[in-house]
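Spelled out from the first residue to the last, the chains are:
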Amino acid sequence: MMDNPSTTPSEPNMTPHLVSVTPFEELQNNATLPPVASNTEGQEISAENNAIEEEENDTKGPPGKEAEDVPIQEGSIESVLDLLQKGKKIQNILIKRLNLQRKTFDQPVHFENCEFGQIDLTRTTFQNTVTFSRCKFQRVNAHQTIFEKYATISRCEFAYSATFKKNNFKDGIRFIANRVLCGITFNGSRFSRYSGASNKNPDANFSDNSYITQAQVNFHQCIFEGLVKHWGSVFEAWAEFKETVFQDIADFRSVKFNEGVFFTGATFKKQALFRGSVFELRTDFNECVFENEMDFSKAKLRDFLYLQDAKWQGNDPKAGFRFHNMLVERMIVDRETLKDHLLSEKENNYMETADEYAIIRTNFERINRYDDEDWAYLKQKQNQRRCLYKNSKNPWKKIRELSEWLVLDLGCGYGTDPFRAIRSSLIVVCLFAILYFFTLQGILPPDQYATVSSLNPVFKAAAAFNISLIVFTSGYADIKVVPEHWAGLFFPIEFMFGIVLIGLFVVSFSRKVIRS
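This structure is a prediction, so every number in the text was calculated from the model and none was measured.

In this section: unusual backbone geometry. Of note in the backbone geometry, Lys166 takes a positive phi value of approximately 55 degrees without being a glycine. Its place among the elements puts Lys166 in the loop between β12 (157-163) and β13 (168-169). Phi is positive for Asn348, close to 60 degrees, though the residue is something other than glycine. Of note, Asn348 is situated in the loop between α5 (343-346) and α6 (350-366).

This part covers the sheet that holds strand β29 (residues 267-268). Read from one edge of the open sheet, 10 strands run β4-β7-β10-β13-β17-β21-β25-β29-β33-β36, paired in parallel fashion. Each having just a single partner strand, β4 (104-105) and β36 (311-312) make up the two edges of the open sheet. Direction of pairing for strand β10 (residues 146-147) relative to β13: parallel, over a ladder of 2 bridges. When the bridges of β13 are listed, Phe147 appears paired with Phe169.

A few words on the confidence of the model for the protein. When pLDDT is averaged along the protein, the result is 82, and 80% of the positions lie at 70 or above. Note on residues 1-67: pLDDT under 50 across the span, and 98 contacts to partners over four residues away in sequence or across chains.

Attention now goes to the pattern of salt bridges. Should the charged atoms of two oppositely charged side chains come close, the side chains can pair. Under the defined criterion, the tally for this structure stands at 23 salt bridges. The residue Glu291 makes a salt bridge to Lys269 at a minimum N-O spacing of 3.4 Å. Here Lys269 lies in the loop between β29 and β30 (272-273) and Glu291 lies in the loop between β33 (289-290) and β34 (293-295), a separation of 22 residues in the sequence. By relative accessible area, Glu291 is classed as buried at 18%. Among the residues examined, Lys269 registers a relative accessible area of 33% and is labelled partly exposed.

With 18 residues, helix α8 (residues 395-412) should reach 26 Å at 1.5 Å per residue; the first-to-last C-alpha distance of 25 Å fits that figure. Of all the bends in α8, the largest measures some 30 degrees and sits at Trp405. Looking at α8, one finds that the buried residues are Glu404, Asp409, Gly411 and Cys412. Check the buried side of α8 and you find it contacts α7 (370-388), α9 (418-437) and α13 (490-515). Gly413 occupies a position one or two residues after α8 and carries a positive phi of about 60 degrees.

Spatially, β2-β5-β8-β11-β14-β18-β22-β26-β30-β34-β37 is the arrangement adopted by the 11 strands of the open sheet, whose pairing is parallel. Edge positions in the sheet fall to β2 (90-91) and β37 (320-322), since each has one partner strand and no second. As paired strands, strand β26 (residues 250-251) and β30 are joined by 2 bridges and run parallel to one another. Across the sheet, the residue bridging to Asp251 is Leu273, located in β30.

What follows is about the nonpolar core. In this structure, Phe111, Phe158, Phe206, Phe263, Phe268 and Phe285 are the most contacted members of the largest nonpolar core, which totals 90 residues. At 4 residues, the largest contribution of residues to this core is made by α6. Setting aside residues up to four positions removed in sequence, Phe285 forms contacts with Phe263, Phe268, Phe274, Phe290, Met294, Phe296, Leu305, Tyr306, Leu307 and Ala310. Ranked by size, the runner-up nonpolar core spans 15 residues in total, among them Leu440, Val471, Phe472 and Leu504.

Along any regular strand, the residues point their side chains to alternate faces of the sheet. Counting buried positions over the 6 residues of strand β6 (residues 115-120) gives 5, a clear majority of the element. As paired elements, strand β3 (residues 93-99) and β6 share 5 bridges and run parallel to each other. By the bridge assignment, Ile95 is partnered in β6 with Phe116. Pairing between β6 and strand β9 (residues 136-141): 5 bridges, direction parallel. Across the sheet, the residue bridging to Gln118 is Arg139, located in β9.

What follows covers a negative patch on the surface. Among the surface-exposed residues, Glu243, Glu287, Asp309, Asp334, Glu336 and Asp340 lie close enough to one another that they form a single negatively charged patch. Following the sequence through the fold, Glu243 ends up in the loop between β24 (239-240) and β25 (245-246). Relative accessible area serves as the criterion here: at 43%, Glu243 is assigned to the partly exposed category.

Where α8 meets α13, the axes come as close as 11 Å, and the angle between the chain directions of the two elements is 40 degrees. Taken together, the axes of α8 and α13 lie oblique to each other. Viewed along their axes, α8 and α13 form a crossing whose handedness is right-handed. From α8, Val407, Leu408, Gly411 and Cys412 reach across to α13, where they touch Val500, Leu501 and Leu504.

Analysis parameters
- Residues numbered from 1 in each chain as written.
- Predicted model: local features only at pLDDT ≥ 70, side-chain atom pairs only at ≥ 80, totals over all residues.
- Heavy atoms only, no water.
- Helix = DSSP H or I, 4+ residues; strand = E, 2+ residues; numbered from the N terminus.
- Pairing = 2+ DSSP bridges.
- pLDDT = per-residue confidence, 0-100.
- Contact = heavy atoms within 4.5 Å.
- Salt bridge = Lys/Arg side-chain N within 4 Å of Asp/Glu carboxyl O.
- Buried < 20%, exposed > 50% of the residue type's maximum accessible area, 1.4 Å probe, protein only.
- Expected span 1.5 Å × (residues − 1).
- Bend = angle between axes of the 7 residues up to and from the residue.
- Core = buried A, V, L, I, M, F, W, Y, C linked by side-chain atoms within 4.5 Å.
- Patch = residues over 30% accessible without salt bridge, like charges linked within 9 Å, V, L, I, M, F, W, Y side chains within 5 Å.
- Areas by Shrake-Rupley, 256 points an atom, 1.4 Å probe, with all protein chains shown as cover.
- Lys, Arg positive; Asp, Glu negative; His and termini not counted.
- Charge placed at Lys NZ, Arg CZ, Asp CG, Glu CD.
- Axes fitted to C-alpha atoms, helices over the stretch in contact; angles between N-to-C directions.
- Parallel < 35°, antiparallel > 145°, perpendicular 65-115°, else oblique.
- Left-handed = near helix turned anticlockwise from the far one by under 90°.

Structural data, given as structure tokens:
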């Protein structure tokens, strides 16, 4: 990785501030061996779990003493390599240059409270657990490095460059609570499942990190086979997860992206959780493939959210979006990407569905996509109606629900579709025309009926349709009705339908014309 010339000195000062000097031989004598794994699989996992618990205790620092107060002594390369081969813990030393290229270590590797000027792990193979706790790195280069067992990098600081390209973490990684002051890349790395994974120790744990850098944080073309967790991390730099494959849950809850983030072309085979996260700038999910839940509930997106050309694969019934209580400035997304892919709608949670469609409607209105806005508004009103009358046993409420469905939903799509009003009007006119066809004798005066009855059925039907159309549009003042005939009772009913549907057509058509 190229260093930023404006921030990186040509030769960084590697001399630490020495509080006191401790002989390096004393560090050798005080070195402790981590638990030794047995040959059985269950004992190996237990030993690794014990090592992880020991590491968790180590990251808290010595009792009553901060890590920065521990004296640091410069160590010789030969002594460090000797301790590595013996599998002993190395702590409180300064190593200006450590070249471990193409080496293989079959013992646990454990560095605590150490400072590295430059460490090169290119094509190194670690056959046992690897732990870096409370260490400081000037430059790290780990290219095509293989970690056979669980790797832990916690509470460390990276100053000038950190490269972990095309690494293979075969038993998981714990990269937590670190301060990254430089660009860092994991491009092309593979993160396999952790044999002792749990909710507390996921397969790839990147929680609580602070990426305080102007350079990028890259996870380009990575493969996460198990649960990956970035919970609570802060990205001050642009972050990229382009073309990365998440084969299990991707947990980005409560993450803060102060710059943009790109997931372009990524594949999410399981849940992707962004609940409660904050996105200050561009958030890009273009051309992503979703196969399960995408949760943006309670997220705050203060810039554009791009979901163009994103698509759904598979037939998982749990596949869909959650937008409940999401705040978004703009969302660029196709209607087909959203259609039938709101989980709250699949779960018949009408209130939450109505709220989510309200968010979608407001977004389409902001980007001047009015047809899509009408679609979202119709969905919003339909779910509000279902929520209002859900589980109601009151007969009057049932009648009211039926009326709202017939008049407002089917009649005009809640004012979004004038052609629905035309279609509904034609249906009403035709239904009443059929009724009048069989009651012409009681509706028309005798002389007119005699004339009409002599015609063929087509002209009789036309006469009935004409009567129905006149009643629907202008009432029945010009039609002589035999008062005692029951067919006359339907004239005012049809006339009321005509007033309502014509009014709905005028409103919905005017709405369309004014916005266009």
